[in-house]
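Geometric and topological summary
Listed below are the residues making up each chain.
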Amino acid sequence: MFRVLKYLVILAVLGTIGLFGYSYLLEPESGIVTETIEIDAG
């Protein structure tokens, strides 16, 4: 029983870390795209 709970906690932690890492990787790309659009417009 405790083994199952331990695996669920580990999966939950890894899932949240993965989501934060994925959103962190997406933010600079969208920022770069908006910057290039601003530079092209300027």
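Above this text you will find the structure in question.
Definitions and limits used
Residues numbered from 1 in each chain as written. Predicted model: local features only at pLDDT ≥ 70, side-chain atom pairs only at ≥ 80, totals over all residues. Heavy atoms only, no water. Helix = DSSP H or I, 4+ residues; strand = E, 2+ residues; numbered from the N terminus. Buried < 20%, exposed > 50% of the residue type's maximum accessible area, 1.4 Å probe, protein only. Areas by Shrake-Rupley, 256 points an atom, 1.4 Å probe, with all protein chains shown as cover. Patch = residues over 30% accessible without salt bridge, like charges linked within 9 Å, V, L, I, M, F, W, Y side chains within 5 Å. Salt bridge = Lys/Arg side-chain N within 4 Å of Asp/Glu carboxyl O.

1. Quick word on the overall build of the chain
- For the chain, the count of helices and strands is one helix and zero strands.
- Looking at the chain as a whole, 0% of its 42 residues qualify as buried.
- On the chain, roughly 4,100 Å² of surface is accessible, and the fraction owed to carbon and sulfur atoms is 74%.

2. Notes on a nonpolar patch on the surface
- Taken together, the side chains of M1, F2, V4, L5, L8 and L11 make up a nonpolar region of the molecular surface, amounting to roughly 730 Å² of accessible area.
- Mapped onto the elements, M1 comes out in the segment before α1 (2–41).
- Using a relative accessible area of 75% as the deciding quantity, one classes M1 as exposed.

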